[in-house]
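Chain and residue survey
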Amino acid sequence: MQAGPSFGRAVILAVGSEMLTPLRTDTNSLTITDALNATGVEVIWKAVVGDDRDVLATVLARALEDAALVVLSGGLGPTDDDVTRDVVSAVLGLELREDAAIVEAIAARFAARGWPMPANNRRQAHVPDGAVVLPNSLGTAPGLWIEHGDRALLLLPGPPRELAPLLEEALHTHVRPRTGGRRVVRRVVRMTGRGESLIDELLQPCYREWAGREVPVRATILAAMGQLELHLSATHTDAAQAASAVAVAAAEACACVGRDAFTDHGESLEAVVGRLLVDRGWRVAVAESCTGGLLASRLTAEPGASRYFDQGVVTYSNAAKVQWLGVPETLITEHGAVSDPVARAMAAGIRERAGADVGIGVTGIAGPDGGSAGKPVGTVVIAVALRDSVTSRTLQLMGDREQIRFQSAQAALDLVRRIATP
């Protein structure tokens, strides 16, 4: 039998007060989660903890109650606010001892640059009794692997370029041999066009069916701006069987919700639309008002966009709509700039002037001002013109200005997707 703890569940603690401000974002936990999942370890929760010894000790103690593996990133530097080593040692009741080999390695790094090693860097050579040192060739803070009874802790430096190779080494050496060969496989189905409660209701029979299969599939539905995401996962010792299970579930989910599903591989809507345009051999041009170029930006964000994107114009004023798109002034006078006739004229106008296969027009009221009783803030009209037809939609969107702009671009992309899908 393999000595030491076996791993099925993990907790991630990102340490650093800077990540509790708007100035820094914890991205390490995403890297760690992805690597653990690929190794067959499920992350059950994670937390960002400031440089506070008492708070970190409390959170660490709880993590050790919940999971066999706790991964900590950050807090291994040379300064007084780098508290991870000290807190871990205190919680586990282990003595810290200076490792001469680490001191020598740190001193050599400084000497290579012609600098003396500051005295406080010796703190990075403090190692809890029984810990395995993971040498860090890219920085001064080594990683540490600590086994304590039926629990294990992995301490990693905060800089991502230093963290990644030490994480891989620890997983290969210490974690993979004790996971029983399990693998976690994930897939994301993305949908747009209907609300979360309705989609969830449609999928309820699927949830029950997936949970009872030989290789169970777990499902979580999440609402994001302008779309819904169905996260599917399966765990098995055979990665191919887990992948097959989530692939079947993803296909069944797409069949259940129909055309509202636009990908079963987690792609963005603009990537899906770009591929459809290429498959059709269509080139697209866009005329935007309330979205202010956001639609063109999303269409051109994908590599290879030159294969399908022709041009875009932001015709914010009424005069610009007339001058650049040929929208008749009488339409604007009679119906207003935010109206179905004007959106259709914008789409047809940009398509004709660009000589494109598809023209998209977007006009609306993003707010917070400019609304009226008849056309409140969030009123948006989108239109898609082909050579022989124009399709339009009038929407009433909710949210602040940026949310309305994003949802408008999302709706325009989705209308193109539905038209271009065979």
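Overview of the structure. In this text the structure is predicted, and so the values were computed from the model without any measurement.

**What about the overall build of the protein chain?**
- A tally of regular secondary structure across the protein chain gives 13 helices and 17 strands.
- Taken over C-alpha atoms, the radius of gyration comes to 28 Å for the protein chain, far larger than the 22 Å a tight globule of 422 residues would show.
- By its C-alpha atoms, the protein chain is 85 × 55 × 40 Å across when sized along the principal axes.
- For the protein chain, restricting intrachain contacts to residue pairs at least 6 apart in sequence, the fraction spanning at least 24 positions comes to 67%.
- Approximately 19,300 Å² of the protein chain is accessible, and the part contributed by carbon and sulfur atoms is 53%.
- On the protein chain, the mean spot of the 41 positive side-chain charges and the mean spot of the 49 negative ones are 5 Å from each other.

**Remarks on the packing of aromatic side chains**
- Across all of its chains, the model carries three aromatic pairs by this definition.
- Both rings, one in Phe 7 and one in Trp 145, keep their centres 5.9 Å apart while their planes meet at 85°; by these two values the pair is edge-to-face. Of this pair, Phe 7 sits in the segment before strand E1 (9–15) while Trp 145 sits in strand E7 (residues 143–148), and the two are 138 residues apart along the sequence. In terms of burial, Phe 7 and Trp 145 fall into one category: buried.

**Some points on the sheet that holds strand E9 (residues 183–191)**
- Strand order in the open sheet made by the four strands is E10-E11-E9-E12, with antiparallel pairing throughout. The sheet terminates laterally at strand E10 (218–224) and strand E12 (261–263), the two strands that pair on one side only. Neighbouring strand axes in the sheet, compared pairwise and without regard to direction, differ in orientation by 30° on average.
- One ladder, built from two bridges, connects E9 with E12; its direction is antiparallel. Note on E12: the bridge partner recorded for Met 191 is Ala 261.
- On the sheet, helix H7 (residues 239–257) packs against E9, strand E11 (227–236) and E12 and is oriented at approximately 15° with respect to E9.

**Structural notes on the pairing of strand E16 (residues 379–385)**
- Most of E16 sits out of view: seven of its seven residues are buried.
- Alternating positions in E16 separate into two faces, Thr 379, Val 381, Ala 383 and Ala 385 on one and Val 380, Ile 382 and Val 384 on the other, with burial throughout.
- Two strands pair when backbone bridges link them, and strand E15 (residues 358–364) and E16 are joined in this way by six bridges, in the antiparallel orientation. In the sheet register, Thr 363 faces E16, and the bridge partner there is Val 381.
- Counting the residues in the hairpin turn of E16 and strand E17 (residues 390–396) gives four residues.

**Examining the pattern of salt bridges**
- One pass over the full model with this rule turns up 23 salt bridges.
- When the shortest N-O distance is used, the salt bridge between Arg 178 and Glu 147 registers 2.5 Å. Remark: Glu 147 occurs in strand E7 and Arg 178 occurs in the loop between helix H5 (160–175) and E9; sequence separation between them is 31 residues.
- Given the relative accessible area of 15%, Arg 178 is considered buried.
- By sharing partners, the salt bridges in this structure join Arg 194, Asp 260, Asp 414, Arg 417 and Arg 418 into a single network.

**Focus on the nonpolar core**
- Grouped together as the largest cluster of nonpolar side chains are 33 residues, with contacts concentrated most on Val 284, Leu 295, Leu 299 and Ile 360.
- Where this core is concerned, the elements lending two or more residues are helix H8 (269–280), strand E13 (284–288), helix H9 (294–300), E15, E16 and helix H13 (401–420).
- The contacts of Leu 295, once residues within four sequence positions are left out, are Val 286, Glu 288, Ile 360, Val 362, Ala 409, Ala 412 and Leu 413.
- Counting 29 residues, the second-largest nonpolar core is a separate cluster that includes Val 49, Leu 76, Ala 125 and Ala 131.

**Describing the sheet that holds E13**
- Judged by pairing direction, the sheet is mixed, and its five strands sit side by side in the order E14-E13-E15-E16-E17 without closing on themselves. Bordering the open sheet on either side are strand E14 (309–314) and E17, each of which pairs with just one other strand. Taken over all neighbouring pairs, the strand axes of this sheet differ in orientation by 10° on average, direction set aside.
- Strand contacts of helix H12 (residues 340–354): E13, E14, E15, E16 and E17, with the helix running at about 145° to E15, the strand carrying the most contacts.

Cut-off values and rules
- Residues numbered from 1 in each chain as written.
- Predicted model: local features only at pLDDT ≥ 70, side-chain atom pairs only at ≥ 80, totals over all residues.
- Heavy atoms only, no water.
- Helix = DSSP H or I, 4+ residues; strand = E, 2+ residues; numbered from the N terminus.
- Rg over C-alpha atoms; globule rule 2.2 N^0.38 Å.
- Contact = heavy atoms within 4.5 Å.
- Areas by Shrake-Rupley, 256 points an atom, 1.4 Å probe, with all protein chains shown as cover.
- Lys, Arg positive; Asp, Glu negative; His and termini not counted.
- Charge placed at Lys NZ, Arg CZ, Asp CG, Glu CD.
- Phe/Tyr/Trp six-rings, centres within 6.5 Å; stacked < 30°, edge-to-face > 60°.
- Buried < 20%, exposed > 50% of the residue type's maximum accessible area, 1.4 Å probe, protein only.
- Pairing = 2+ DSSP bridges.
- Axes fitted to C-alpha atoms, helices over the stretch in contact; angles between N-to-C directions.
- Salt bridge = Lys/Arg side-chain N within 4 Å of Asp/Glu carboxyl O.
- Core = buried A, V, L, I, M, F, W, Y, C linked by side-chain atoms within 4.5 Å.

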